[in-house]
Amino acid sequence: MHHGVSRFYASTVWSEESDRYHITTGEGAIGTAVYKGVPLKKVLKVACGGVLPECGHLEFIGADTYFKKLNVFNYAVSVPYRKVRQHGGEEVLLAYEMNGKPLPKMHGYPLRMVVTGYIGARSCKWVYRINALSEPSMGPVQRQEYLYFTSQVGKQNAKYSNGFSIQQMPVSSAILSPEDKQVIVHSGTITLKGWAYSGGGNWVERVEISPDGGHVWYAVDPDNLTEKHYHAWRLWSIDLPVDAEGWLEFCVRCWDSSNNTEPTFVRSAWNWDLHVTSSCHRIKIYSVNKSRPETAKRLAQFEERGLDIQPITLPCEFTLEPVDEYLAAYRKRPREPKN
Ligand SMILES: Nc1nc2c(c(=O)[nH]1)N[C@H]1C(S)=C(S)[C@@H](COP(=O)(O)O)O[C@H]1N2
Ligand SMILES: [Mo]
């Protein structure tokens, strides 16, 4: 399920063994699964004898309780009827199986909606009632959340009516490894791995990695991208040439089948609601390039002494340069001009 991937939230990861959630932080929770179910379009037609002509939206009510500003509701969201009818009805399913097994409890057992290409919030879990409405659901998740504001909207002026409602997922991607702030000792290449996804029926065409915060971009070799499927992510890996040392900023962006891509910086599309902030995911890593002779020499000195270069924040325990070598270099290039 593709959540609106936000950059600042704690997120939850489901454990297969315990059918429970575990709290993590980082790039938001995202996964790809194979769902089996019945098109809602079919159920409306066969079981309900169709909907009235004024039906514009289908509202899904979950069996769980939802609190908002001291009010108590059931989880409620909606999708346009037009979406329900699209592509023979395959885009809005009443799903009862996930990856060939009954839905796990945490993923909506016994029945959930699966709305392809939309943010995860529309895929109502534990669905027990469906209402045909002329307007979108009045549920707070539909009307008061997942709103996209301009960067100038905040606590001082935000209203439910001055942000637009997010339905389709934007292009999104993330680096899974290395981890942020990792020290990497390498020989001129660093391997990165991650995922990329796009909503709205678009698929991932290309993934690019920047070793310098978003100026130069290297494309992932198409052979290093997993297979294309409709409504599914693609996993990628790349051996990135890295010459520079010290703190470097890597980021990833994806291009989808409609040529959409991601804003390079959070500030390019910062949004008060924090939902679906799809700007390029970036990490800082500390590069130690042992294909550089000076670095290779220093690493050998650490090894001879049975020491580690990490943590890099602690000073070096041995002298950086023998006095004779230092003096030879100093006298060749004295600090002050000679005359
Ligand atoms: N009934 C109900 N359905 C729900 C939610 C919820 O809180 N209650 N959360 C939604 C959100 S925000 C997301 S991202 C997806 C997560 O689906 P998953 O647990 O299968 O990943 O479920 C959606 N459906
Ligand atoms: Mo979500």
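A quick note: this is a predicted structure, and the numbers were derived from the prediction, not measured.

## Topic: the environment of Trp195
Move 1: Mapped onto the secondary structure, Trp195 falls in strand β14 (residues 189–197).
Move 2: For Trp195, a relative accessible area of 2% corresponds to the buried category.
Move 3: Remark: the alpha-carbon pair of Trp195 and Trp236, spanning 41 residues in sequence, is separated by 6.0 Å.

## A few points about a positive patch on the surface
Move 1: There is a patch of like positive charges on the surface, built from Lys41, Lys45, Arg82 and Arg85.
Move 2: Those elements giving two or more residues to the positive patch turn out to be α1 (40–46) and α2 (81–85).
Move 3: Locating Arg82 in the fold gives a position in helix α2.
Move 4: Overall, Arg82 belongs to the exposed group, its relative accessible area being 58%.

## Section: the environment of Val207
Move 1: Looking at where Val207 falls in the secondary structure, it is placed in strand β15 (residues 204–210).
Move 2: Relative accessible area serves as the criterion here: at 0%, Val207 is assigned to the buried category.
Move 3: Distance in space between the C-alpha atoms of Val207 and Cys254 is 4.4 Å, their sequence separation being 47 residues.
Move 4: Not counting residues within four places of it along the chain, the set of residues in contact with Val207 comprises Ala196, Tyr218, Ala219, Val220, Leu225, Trp236, Val252, Arg253 and Cys254.

## Thoughts on a negative patch on the surface
Move 1: A cluster of acidic side chains, namely Glu294, Glu321, Asp324 and Glu325, defines a negative patch on the protein surface.
Move 2: Within the secondary structure, Glu321 is located in the loop between α4 (293–304) and α5 (323–332).
Move 3: Overall, Glu321 belongs to the partly exposed group, its relative accessible area being 36%.

## Considerations on the sheet that holds strand β12 (residues 172–177)
Move 1: Taken in spatial order, the 3 strands line up as β12-β14-β17 in an open sheet, and their pairing is antiparallel. The outermost strands of the open sheet, each flanked by one partner alone, are β12 and β17 (234–241). Neighbour-to-neighbour, the strand axes of the sheet open up by a mean angle of 30 degrees, direction not taken into account.
Move 2: Pairing of β12 with β14, which is carried by 5 bridges, proceeds in the antiparallel orientation.

## A few points about the side chain of Glu262
Move 1: Along the chain, the position of Glu262 falls in the loop between β18 (246–256) and β19 (281–289).
Move 2: Setting aside residues no more than four positions away along its own chain, Glu262 makes contact with Val171, Ser172, Ser173, Val252, Arg253, Cys254, Ser278, Ser279 and Cys280.

## Some words on the packing of aromatic side chains
Move 1: Counted according to the given criterion, the structure contains 7 aromatic pairs.
Move 2: Taken together, a centroid distance of 5.9 Å and an interplanar angle of 70 degrees make the contact between Tyr66 and Tyr75 edge-to-face.
Move 3: Overall, Tyr66 belongs to the buried group, its relative accessible area being 17%.
Move 4: Residue classification places Tyr75 among the buried positions, given a relative accessible area of 15%.
Move 5: With centroids separated by 5.7 Å and ring planes inclined at 90 degrees, the aromatic side chains of Trp203 and Tyr230 adopt a geometry described as edge-to-face. One end of the pair, Trp203, is in the loop between β14 and β15; the other, Tyr230, is in the loop between β16 (218–219) and β17, and 27 residues separate them in sequence.
Move 6: Against the face of Trp217 rests Arg253, its NZ or CZ located 4.0 Å from the ring centre.

## Description of the sheet that holds strand β4 (residues 57–68)
Move 1: Ordered by their spatial adjacency, 3 strands build an open sheet running β5-β4-β9, and the pairing between neighbours is antiparallel. With one partner strand each, in any of the chains shown, β5 (71–80) and β9 (127–133) form the two edges of the open sheet. Neighbour to neighbour, the strand axes of the sheet diverge by 35 degrees on average, direction disregarded.
Move 2: Relative to β9, β4 is paired through 6 bridges, and the arrangement is antiparallel. By the bridge assignment, His57 is partnered in β9 with Leu133.

Criteria and thresholds
- Residues numbered from 1 in each chain as written.
- Chains lettered and ligands numbered in written order.
- Predicted model: local features only at pLDDT ≥ 70, side-chain atom pairs only at ≥ 80, totals over all residues.
- Heavy atoms only, no water.
- Helix = DSSP H or I, 4+ residues; strand = E, 2+ residues; numbered from the N terminus.
- Buried < 20%, exposed > 50% of the residue type's maximum accessible area, 1.4 Å probe, protein only.
- Patch = residues over 30% accessible without salt bridge, like charges linked within 9 Å, V, L, I, M, F, W, Y side chains within 5 Å.
- Areas by Shrake-Rupley, 256 points an atom, 1.4 Å probe, with all protein chains shown as cover.
- Salt bridge = Lys/Arg side-chain N within 4 Å of Asp/Glu carboxyl O.
- Lys, Arg positive; Asp, Glu negative; His and termini not counted.
- Charge placed at Lys NZ, Arg CZ, Asp CG, Glu CD.
- Contact = heavy atoms within 4.5 Å.
- Pairing = 2+ DSSP bridges.
- Axes fitted to C-alpha atoms, helices over the stretch in contact; angles between N-to-C directions.
- Phe/Tyr/Trp six-rings, centres within 6.5 Å; stacked < 30°, edge-to-face > 60°.
- Lys NZ or Arg CZ within 6 Å of the ring centre and 35° of its normal.

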